[in-house]
Amino acid sequence: MDPDYSAQDVARCDLCKTAIAQSYCDFCHVNLCKPCIGEHISPDYGKHTIVSIQQRKSTLIYPKCQTHQKEDCKNQCKDCNISICFDCLASKHHNKEHEFVKLEEVFNTKKEQSDTDELENQILPAYEEIANELEMQIDSLDGEYKKLTTEMSKQREEKHREVDNAIDQIEKEISEIKLKHHSLLQKHLDEIKQLQSLIQQTLLALNEIEESNEVSQTIHYSSKNEEFSKLPPKVIASMPKFIPKQIEREELCSLIGKLTPLSTTLEERVFTAKKQNTSVRELLDEPEVLNTIKTGYEKLRSVTCLNEEKIWTSGQTADIKCFNIQGVLQKTIRTKSGKLPNDIAVDRDGAVLYSDWKTRTVYKVKNDQTEEIITLQGWRPYNLCVTSSGDLLVTMYSDDKTQSKVVRYSGSTVKQTIQFDDKGQPLYSGNYYIKYICENRNLDICVADCGAGAVVVVNHTGKLRFRYTGHPSPTKNEPFKPRGITTDSQSRILIADRDNHCIHFLDTDGQFLRYIDNCDLKNPIGLCVDNNDSLLVCEYKKGNVKKIRYSK
């Protein structure tokens, strides 16, 4: 999908700035309304190429022939790998026995063979994982080397003043080895980040190629995926060890002990592309309700699950309830503050996470023990999502209720902040409306921005992919204000439309597929999908969770 012309956008005329554009000049690259076409092409009618707005950038721009300056090269010699014009073909300027191919065919083939998907979703994440591993090793160096220093301090106490000088000497060796160790890891980290930068540059170039109709730029692009797929070797450095010896006054320095040297090896990494999910689950003509769980909440807000066996729910009370799939209450957790949780989530270990706007804190409950994992200043946490990598996505709003953002955490550490688009404009409405969030299987981050009346979808780097602002329907009379949001194994997006009593169903690129509105849904709000692609829907006022089967 072209992010500049999504289904939700309207192209305006570049001349009058107000009228809707129906046409496009493929020579000048401007949008035109019907009244402005005449003004634009006059007086040099011949040089302009006017097409419909849907066919923008459809006219290829061919390179000029170096021999016949006024002619376009529309063919390529496969033997010489050069572009040639029709005059070259007709004249003796080129070997007629060579094999020729139309540049349009080469252009279209190159467009179809984009490296973007593999670079973005396969190779770049592999480098990010390597960089994170190296950063963790560097962060742990102080702690590991502190253990060595502590051992030396014990030896110092045993040997008293006679061994001070010898120990100082060995401590100096530790510092030198540590510096060497740090430098070694930092060097590899710098190399990895340099390669990451090259990949990002390649992605930018590919994005330009995908948006461009310049033939030369496209046909001369050479894939670097094979080069990038050869992952750098893994650095394995074994920590030095201190080996103490019994003290003998003679040869004191040599008998105190010694440090093993820093040992490093390079372990080869092999890039393995992740297999894409090729199985297709078709939608049922009529979704059906499999089960209804009565939770007892007067106002039910959120539902989440780790598997098909049990679900967690929360509403406008301080109790977080766990039910089995038959609807039998299994467990109740009470929030630490005694206030209602804004949202709940379950991590990969089965621990329950919940956000509390009153204390500005995200809590983790495991084995009946509650711990604070994130506490904010100047912001209040709202909705939560545990990602496929184990990170936590948190939507939050500022104390003055003018800004909203999404923050990615690894444990308590901030890894990413998503707040603005490429033009510096806010991605999300700046208020405290509920902003449910989920991660799609393609790593897109989907936010249901109720205040803006839109679903905002960005990729894993935070770049805007599209906005969805609802689908016209004669039976849906209320404004679109999305609440809950979730995705399934096919990367399809499901959105709760509470006021219109239905679920919007989109494909991974934001194209509307259908409504789920035949299951007697009343005020649907929180959503989640279990690992069998069954949809769990919270009915806000009824306090029920409905389990719905919508695919074969």
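Only a predicted model underlies this, so the values are computations on that prediction, with no experimental measurement involved. (Residues numbered from 1 in each chain as written. Predicted model: local features only at pLDDT ≥ 70, side-chain atom pairs only at ≥ 80, totals over all residues. Heavy atoms only, no water.)

A. A look at the side chain of Asp347. By secondary structure assignment, the location of Asp347 is in the loop between β16 (343-346) and β17 (352-356). Exposure remark for Asp347: the relative accessible area of 12% places this residue in the buried category. From its side chain, Asp347 meets the backbone nitrogen of Asp349 in a polar contact 2.9 Å long. Only 2.8 Å separates the side chain of Asp347 from the backbone nitrogen of Ala351, close enough to count as a polar contact. (Helix = DSSP H or I, 4+ residues; strand = E, 2+ residues; numbered from the N terminus. Buried < 20%, exposed > 50% of the residue type's maximum accessible area, 1.4 Å probe, protein only. Polar contact = N/O pair within 3.5 Å; in protein donor to acceptor, adjacent residues only side chain to side chain.)

B. Seen up close, the packing of aromatic side chains. Throughout the structure, instances matching the rule amount to five aromatic pairs. Summarising the aromatic geometry, the rings of Phe505 and Tyr550 are spaced 5.2 Å apart at their centres and angled 65° between planes, so their arrangement reads as edge-to-face. Pair noted here: Phe505 is in strand β30 (residues 502-506) and Tyr550 is in strand β34 (residues 544-551), with a separation of 45 residues, a long-range link. Directly above the aromatic system of Tyr297 lies the positively charged group of Lys321, at a separation of 4.5 Å from the ring centroid. (Phe/Tyr/Trp six-rings, centres within 6.5 Å; stacked < 30°, edge-to-face > 60°. Lys NZ or Arg CZ within 6 Å of the ring centre and 35° of its normal.)

C. Looking closely at the state of the cysteines. All chains considered together, the criterion is met by zero disulfides. Residue Cys36 stays outside any disulfide, its sulfur separated by 3.5 Å from that of Cys33, the closest cysteine. Of the cysteine sulfurs around Cys322, a residue in no disulfide, the closest is that of Cys305, at 11 Å. (Disulfide = S-S within 2.5 Å.)

D. Fine view of the environment of His181. Structurally, His181 is set in helix α5 (residues 164-211). Judged by relative accessible area, His181 falls into the buried class, the value being 3%. Residues His181 and Thr264, spaced 83 residues apart in sequence, show a C-alpha to C-alpha distance of 8.9 Å. Once residues within four sequence positions are removed from consideration, His181 is found in contact with Leu141, Tyr145, Ala237, Met239 and Leu262. A distance of 2.8 Å separates polar atoms of two side chains, one belonging to His181 and the other to Tyr145. (Contact = heavy atoms within 4.5 Å.)

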